[in-house]
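Reading the structure
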Amino acid sequence: MTTASDTVKKPGGARIAVQRFGTFLSGMIMPNIAAFIAWGFITMLFIAVGWLGWWEPVAPLLGGFGNADQINWPGAMTAIALDDDGEPFNKFVGLVGPMITYLLPLLIANTGGRMVYGERGGVVATVATMGVIVGTNIPMFLGAMIMGPFAAWVTKQMDKLWDGKIKPGFEMLVNNFSAGILGMLLAILGFFVFGPAILWFSDVLGAAVGWLVAYNLLPLVSIIVEPAKVLFLNNAINHGVFTPLGIEQATETGKSILFLIEANPGPGFGLLMAFTFFGVGAAKASAPGAAIIQFLGGIHEIYFPYALSKPMTILALIAGGATGVTTNMLLNGGLAFPAAPGSIIAVTAAAVSPAAGGFANLMVVYLSVLLAATVTFLVAAVILRASRKRDLLAEADTFGAAIAQTEANKGKASAAMDALRAADPRDTAALNQADEALDKLETERETAGLADGGVLTTKLVKNIVFACDAGMGSSAMGASVLRNKIKKAGIEDVTVVNKAIANLDASADLVITQNQLTDRARKQTPNAVHVSVDNFMNSPKYDEVVDLVRDQHQDGA
């Protein structure tokens with residue numbers, strides 16, 4: 001846990017660059033997940049084989065399979081279709097087709113455009129992407145993720161050409177007409193150039209996935225996916241890669257295995273259960289609660305610190321992930337729409353859809369989760385047990401080192417330190433105290449003694465932000481934990497919110513991130529106090545933040 005200063009090195013490196021790119025991709029999808037879920041439920045209920053497919057005339061109208069010549073519903077949109085005998089008839093368009101063809105890609109394009117150039121970029125991106133959509137015959141999710149940011153960037157460059165050169169009174173005229181004309185040109189470009197190119201690229205990617213499935217090689221993807229997840233690229237992988245490809249598969253076959261490659265909660269659950277039974281110290285104590293949150297809440301980020309604390313366990317995650325993928329591949333399991341977040345509840349809703357195969361498909365998916373968890377647990381158990389004695393000794397050494405360094409820092413011994421020294425090294429509470437002491441010592445060393453416990457006492461803290469990659473999962477949980485602590489402390493004028501790292505701004509006084517993401521957060525808000533934690537669920541540094549805020553209030557800061 002450190003603070004910003006002139007001497008802090010600017011963050012960089014390939015890891016941060018990859019994380020930033022992945023965050024950008026997932027940032028176009030994550031805010032629109034609710035729309036994907038809405039489409040998924042409408043599909044599950046109202047298509048011809050849906051749960052309510054029998055409901056006349058509602059299902060034929062909404063599902064888009066009703067004959068307008070037989071169902072009298074004036075005003076509803078129709079299109080020419082062919083019946084089983086090849087005869088044309090007027091078919092209701094419904095909700096399912098237009099949502100996946102137009103609504104979802106346009107939402108993604110607008111979000112991507114806003115990320116690059118605000119509302120103006122979002123508008124031009126939406127117009128331009130319409131050209132890509134009507135220029136192809138498949139859902140253009142990849143097209144939206146490419147054209148949206150590109151159109152916004154072009155708009156930004158265009159505005160630079162006459163920035164400050166427009167005569168007063170003509171700003172609105174120039175801004176509106178320039179954006180409109182550019183949107184028109186980009187839509188035409190999207191129809192004739194981007195659309196065919198992205199269609200070809202989609203075919204290549206689809207063929208690659210098909211080749212992996214045909215030769216039973218899809219499980220090997222876990223060798224890349226599981227380590228990348230632990231490096232906080234989970235949202236980029238799931239929503240930036242698998243979701244667009246999976247949606248295309250689902251429109252053709254009713255489900256896709258790609259939705260479960262990253263979102264399967266089995267590997268993470270198996271790892272946390274292994275730490276529950278075979279871990280040591282604080283990791284063992286906190287793993288059961290983390291397992292519940294990960295499995296039911298779908299916050300996969302919560303198990304990443306456990307894997308990073310024992311990198312060999314990533315092998316267990318790879319084995320478990322590959323097992324889950326193999327199960328679904330062999331038994332034809334999949335989801336009808338993305339499971340976001342990746343909890344067993346969301347997975348159940350997406351797997352039980354009649355379009356995906358109903359109850360039979362749900363049992364296959366459950367089996368893939370169970371086997372993935374079991375294999376991960378067994379492999380991780382072997383790894384943890386093999387190093388258990390060494391880990392216990394390391395905990396004891398850390399415990400003793402914290403006591404010795406604390407006494408050295410204070411320049412004297414104390415009764416409290418003597419009591420800690422006499423405690424059982426396997427005592428979790430005592431070890432937590434030792435870990436907290438080490439945290440404070442590290443912070444004092446990193447800040448040349450300016451900070452005690454990781455927070456500068458000279459900066460007034462009124463706005464605390466928990467930041468994670470997407471700003472929706474683990475950071476929301478951490479913000480809730482700290483918000484409750486501050487409320488119990490009787491502090492009222494301090495706000496605690498959660499955001500994506502990309503959305504951090506100068507309003508943040510103190511930013512809390514997981515240690516793998518702190519460099520990115522510090523670059524986004526260099527003037528804020530930055531606090532690094534290993535686990536958003538339960539960190540002693542939360543109490544340090546509460547103590548700081550309470551002290552500032554008592555001092556009248």
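As a reminder, the structure under discussion sits directly above these lines.
1. Points about the packing of helix α8 (residues 266–278) against helix α11 (residues 314–331)
- In contact at an axis separation of 8 Å, α8 and α11 are set at 140° when each is read in the N-to-C sense. On the basis of their axis angle, the class for α8 and α11 is oblique. Regarding α8 and α11, the two cross each other, and that crossing is right-handed. Between α8, through Pro 267, Gly 268 and Leu 271, and α11, the contact on the second element is made entirely by Leu 317, Gly 320 and Gly 321.
- Grouping the amino acids of the contact of α8 with α11 by side-chain chemistry returns three nonpolar, three polar and no charged.

2. Observations regarding the pattern of salt bridges
- The final tally for this structure, using the stated rule, is six salt bridges.
- Between Lys 229 and Glu 262 there is a salt bridge, with the nearest N and O atoms lying 3.9 Å from each other. Taken together, the residues Lys 229 in helix α7 (residues 222–253) and Glu 262 in the loop between α7 and α8 connect sequence positions 33 residues apart.
- Classification of Lys 229 as buried rests on a relative accessible area of 1%.

3. Section: helix α12 (residues 344–351)
- Of all eight residues making up α12, six are buried, and the element is well covered by its neighbours.
- Among the residues of α12, Ile 344, Ala 346, Val 347, Thr 348, Ala 350 and Ala 351 are the ones counted as buried.
- Of the surrounding elements, those touching the buried residues of α12 are α9 (281–297) and α13 (358–386).

4. Points about the sheet that holds strand β7 (residues 510–514)
- One open sheet holds the four strands; their spatial order is β6-β5-β7-β8, and the pairing between them is parallel. This sheet does not close on itself; its edge strands, each paired only once, are β6 (495–500) and β8 (529–533). Across the sheet, the axes of successive neighbouring strands diverge by a mean angle of 25°, strand direction being ignored.
- In this sheet, β7 lies alongside strand β5 (residues 463–468) in parallel orientation, the contact comprising three bridges. Bridging across to β7, Ile 464 finds its partner in Leu 510.
- Set on the sheet, helix α17 (residues 474–488) makes contact with β5, β6 and β7; between it and β6 the angle comes to about 175°.
- Packing against the sheet, helix α19 (residues 540–554) makes contact with β5, β7 and β8, and its axis sits at approximately 150° to β8.

Definitions and cut-offs
Residues numbered from 1 in each chain as written. Predicted model: local features only at pLDDT ≥ 70, side-chain atom pairs only at ≥ 80, totals over all residues. Heavy atoms only, no water. Axes fitted to C-alpha atoms, helices over the stretch in contact; angles between N-to-C directions. Helix = DSSP H or I, 4+ residues; strand = E, 2+ residues; numbered from the N terminus. Parallel < 35°, antiparallel > 145°, perpendicular 65-115°, else oblique. Left-handed = near helix turned anticlockwise from the far one by under 90°. Contact = heavy atoms within 4.5 Å. Nonpolar A, V, L, I, M, F, W, Y, C, P; charged D, E, K, R; others polar. Salt bridge = Lys/Arg side-chain N within 4 Å of Asp/Glu carboxyl O. Buried < 20%, exposed > 50% of the residue type's maximum accessible area, 1.4 Å probe, protein only. Pairing = 2+ DSSP bridges.

The values reported here are purely geometric and, on their own, carry no functional implication.
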